Amino acid sequence: MSLEKHDLIHELPESKEAIHLLKTNSTHFAKLFDEYHEVDHEVHRIETGAENTSDEYLETLKKKRLNLKDQLFSMIREYEASAAS
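Just so you know, these numbers come straight off a predicted model, no measurement behind them. (Residues numbered from 1 in each chain as written. Predicted model: local features only at pLDDT ≥ 70, side-chain atom pairs only at ≥ 80, totals over all residues. Heavy atoms only, no water.)

Asks: Would you mind showing me how to read the overall build of the chain here?
Replies: In terms of helices and strands, the chain carries four helices and zero strands. Overall, the chain shows an N-to-C arrangement of helices and strands of α-α-α-α. Reported as C-alpha extents along the three principal axes, the dimensions of the chain are approximately 45 × 20 × 15 Å. In the chain, which comprises 85 residues, the proportion classed as buried is 31%. Taking as baseline every contact in the chain between residues at least 6 positions apart, the subset at least 24 positions apart corresponds to 70%. Of the roughly 5600 Å² that the chain leaves accessible, carbon and sulfur atoms contribute 52%. (Helix = DSSP H or I, 4+ residues; strand = E, 2+ residues; numbered from the N terminus. Buried < 20%, exposed > 50% of the residue type's maximum accessible area, 1.4 Å probe, protein only. Contact = heavy atoms within 4.5 Å. Areas by Shrake-Rupley, 256 points an atom, 1.4 Å probe, with all protein chains shown as cover.)

Here is the structure:
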């Protein structure tokens, strides 16, 4: 079991500037970003044993985190592509 946090900035260091600009200019992105980090923090607490829960709940959280990450990643790539043109 991985006890690594999945912080978006560390996962996409090359997109740090785009993430910052999207967070400040897009309320939708900022909302998803905050939700992603809340879910990631909860998963990390469960995996480190600071919080106990069922395996099913942990898997549900991980799926939610992945879905949010996919949405954020898509928005970042779309922003970077439009900025490059």
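Following the structure, the description resumes.
Asks: Would you mind going over the packing of helix H3 (residues 27-47) against helix H4 (residues 55-84) with me for this structure?
Replies: Angle between the axes and distance between the axes: these two values describe a pair of packed helices. Closest axis-to-axis distance for the H3/H4 pair is 9 Å, and the angle between their directions is 150°. For the pair H3 and H4, the sense of crossing is left-handed. Across the interface between the two elements, His28, Phe29, Leu32, Phe33, Glu35, Tyr36, Val39, Asp40, Glu42, Val43, Ile46 and Glu47 of H3 pack against Tyr57, Leu58, Leu61, Lys62, Lys64, Arg65, Leu68, Lys69, Gln71, Leu72, Met75 and Ile76 of H4. (Axes fitted to C-alpha atoms, helices over the stretch in contact; angles between N-to-C directions. Left-handed = near helix turned anticlockwise from the far one by under 90°.)

Asks: Can you help me understand the side chain of glutamate 42 in this one?
Replies: On the secondary structure map, glutamate 42 appears in helix H3. Residues in contact with glutamate 42, not counting those within four places in the same chain, are Glu51, Tyr57 and Leu61.

Asks: Would you mind going over the pattern of salt bridges with me for this structure?
Replies: Pairs may arise between side chains of opposite charge once their charged atoms sit close together. Summed over the entire model, instances satisfying the criterion amount to seven salt bridges. Notably, a salt bridge pairs glutamate 35 with lysine 64, separated by 3.4 Å at the nearest N-O pair. A residue pair is termed long-range when its members are at least 10 positions apart, and glutamate 35 in helix H3 and lysine 64 in helix H4 qualify at 29 residues. Note on lysine 64: relative accessible area 38%, which makes it partly exposed. With a shortest N-O distance of 2.9 Å, aspartate 40 and arginine 65 are connected by a salt bridge. A residue pair is termed long-range when its members are at least 10 positions apart, and aspartate 40 in helix H3 and arginine 65 in helix H4 qualify at 25 residues. Each member of the pair, aspartate 40 as well as arginine 65, carries the same accessibility label: buried. (Salt bridge = Lys/Arg side-chain N within 4 Å of Asp/Glu carboxyl O.)

Asks: Help me understand the packing of aromatic side chains in this model?
Replies: Here the distance between the centres and the angle between the planes together describe a pair of aromatic rings. The full count for this structure, using the stated rule, is one aromatic pair. Ring centres of phenylalanine 29 and phenylalanine 33 lie 6.2 Å apart, and the angle between their planes is 25°; on these two criteria the pair is classed as stacked. Of the two residues, phenylalanine 29 and phenylalanine 33 are both situated in helix H3; the distance of four residues between them amounts to about one turn of the helix. There is no split in this pair, since phenylalanine 29 and phenylalanine 33 are both buried. (Phe/Tyr/Trp six-rings, centres within 6.5 Å; stacked < 30°, edge-to-face > 60°.)

Asks: I would appreciate a short explanation of the nonpolar core in the present structure.
Replies: The nonpolar side chains of a soluble globular protein tend to be buried, and buried together. By size, the foremost hydrophobic cluster in this structure holds 17 residues, and its most contacted members are Leu8, Ile19, Phe29, Phe33, Leu72 and Ile76. Looking at this core, the elements that each hand over two or more residues are helix H2 (16-25), H3 and H4. Residue contributions to this core peak at seven residues, all from H3. Beyond its immediate stretch of four places on either side in the chain, isoleucine 76 contacts Leu8, Leu12, Ser15, Ala18, Ile19, Leu22 and Phe29. (Core = buried A, V, L, I, M, F, W, Y, C linked by side-chain atoms within 4.5 Å.)

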